[in-house]
Every structure is written in structure tokens, then in C-alpha cells.
Amino acid sequence: MSTATYINDGEFDTLLTSEEIFVVDCTASWCGPCKKISPYIDQLAEEYQGRAKVVKLDISENKETASKFSIRSIPAVMFFKSSELVENIVGVSPYETYKTALDKLL
């Protein structure tokens, strides 16, 4: 089973230049709602393996990326295509919401 791996600010910058389509779950270990969507993000990583990169970014430890994209509330799930932020879903949503947003990019 493939799950979304954690990345840091430096790895995020690499994703911008190396991945056509990717999803970043901005999360934190102390965030209750983040824990609620964590299985959804892992499910996305497994379901879209080989088609889209799905990762998690702990904003407590990686403030640069959170600041760059003005992340004020978490969970915040950012969807990128061709290095551009095309959608940002803030708060808890059903799995289908994340799946639909990713399907639009593929």
C-alpha cells in the first residue's frame, strides 16, 4: 500500500520543477481536522500512483512553503499542474472532493 510521504520546503521546490501534476496536503501533527483527512490523502496517493504525486507537508516544520502560498488554515490541500497552483481546498471535505479536483487535472 502506498501512502503519501512527508516532504520539506526544499523537496517542495524540486516538485515544482520535476512533477507535471502533484498534490500537497499542508498539515500539522497537532491538527485534529488534518488527522481526519490523512487517510483520504493516503488513498489518493495509492489510487493515483504513477499518474500524480501526492505528498504531505508539515507546516510547523516547513514555514517557507506555507508562507509562500499564504496558508492560514489547515488542512489545506493544494493541487498543482505545470508548476501552477490551480486549486486549494481548505478544511475537511469528503474523499470525493479531493478525487474530483485531481481528476480535473489528469
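Residues numbered from 1 in each chain as written. Predicted model: local features only at pLDDT ≥ 70, side-chain atom pairs only at ≥ 80, totals over all residues. Heavy atoms only, no water.

Draft legend 1. Representation of the overall build of the chain. Each helix and strand in the chain was counted, giving four helices and five strands. Secondary structure of the chain in N-to-C order comes out as β-α-β-α-β-α-β-β-α. Relative to the compact-globule value of 13 Å for 106 residues, the chain shows a C-alpha radius of gyration of 12 Å, a close match. Taking all 106 residues of the chain together, 47% fall into the buried category. Across the chain, the fraction of contacts at a sequence separation of at least 24, relative to all contacts at a separation of at least 6, is 69%. Of the roughly 5,500 Å² that the chain leaves accessible, carbon and sulfur atoms contribute 49%. (Helix = DSSP H or I, 4+ residues; strand = E, 2+ residues; numbered from the N terminus. Rg over C-alpha atoms; globule rule 2.2 N^0.38 Å. Buried < 20%, exposed > 50% of the residue type's maximum accessible area, 1.4 Å probe, protein only. Contact = heavy atoms within 4.5 Å. Areas by Shrake-Rupley, 256 points an atom, 1.4 Å probe, with all protein chains shown as cover.)

Draft legend 2. Region of interest: the environment of Ser73. By secondary structure assignment, the location of Ser73 is in the loop between α3 (63-68) and β4 (76-81). Between the C-alpha atoms of Ser73 and Thr27, which are 46 residues apart in sequence, the distance is 9.4 Å.

Draft legend 3. Representation of the nonpolar core within the structure. With 20 residues, the main nonpolar core has Phe12, Val24, Cys26, Ile71, Ile74, Met78 and Phe80 as its most contacted residues. Contributions of two or more residues to this core are made by α1 (9-18), β2 (21-27), β3 (53-58) and β4. Among the nonpolar cores identified, the runner-up in size contains 18 residues, and Ile21, Ile37, Phe79 and Leu105 belong to it. (Core = buried A, V, L, I, M, F, W, Y, C linked by side-chain atoms within 4.5 Å.)

Draft legend 4. Molecular detail of the pairing of strand β5 (residues 84-90). Here β4 pairs with β5 via six bridges, running antiparallel. Following the sheet pairing, Val77 is matched in β5 by Ile89. Hairpin connection of β4 to β5: two residues between the antiparallel strands, including Ser82 at a positive phi of 50°. (Pairing = 2+ DSSP bridges.)

Draft legend 5. Expanded view of the environment of Ala28. With respect to the element layout, Ala28 can be found in the loop between β2 and α2 (32-47). Overall, Ala28 belongs to the buried group, its relative accessible area being 4%. C-alpha of Ala28 to C-alpha of Leu57: the two residues are 29 residues apart in sequence and 7.9 Å apart in space. In contact with Ala28, not counting residues within four places along its chain, are Cys34, Asp58, Ser60 and Ile74.

Draft legend 6. Region of interest: the environment of Thr65. Within the secondary structure, Thr65 is located in helix α3. Measuring from C-alpha to C-alpha, the distance between Thr65 and Glu46 comes to 24 Å, with 19 residues separating the pair along the chain. Excluding anything up to four places from it in sequence, Thr65 contacts Asp9, Phe12 and Leu57. Separated by 2.6 Å, the side chains of Thr65 and Asp9 make a polar contact. (Polar contact = N/O pair within 3.5 Å; in protein donor to acceptor, adjacent residues only side chain to side chain.)

Draft legend 7. Looking closely at the sheet that holds β5. Strand order in this open sheet of five strands is β1-β3-β2-β4-β5, and the pairing throughout is mixed. Both outer strands of the open sheet, β1 (5-7) and β5, are each paired with one neighbouring strand and no more. For this sheet the average axis-to-axis angle between neighbouring strands, irrespective of direction, equals 30°. Packed onto the sheet, α2 meets β2, β3 and β4 and runs at close to 155° relative to β3. (Axes fitted to C-alpha atoms, helices over the stretch in contact; angles between N-to-C directions.)

The analysis is restricted to geometry; functional conclusions fall outside its scope.
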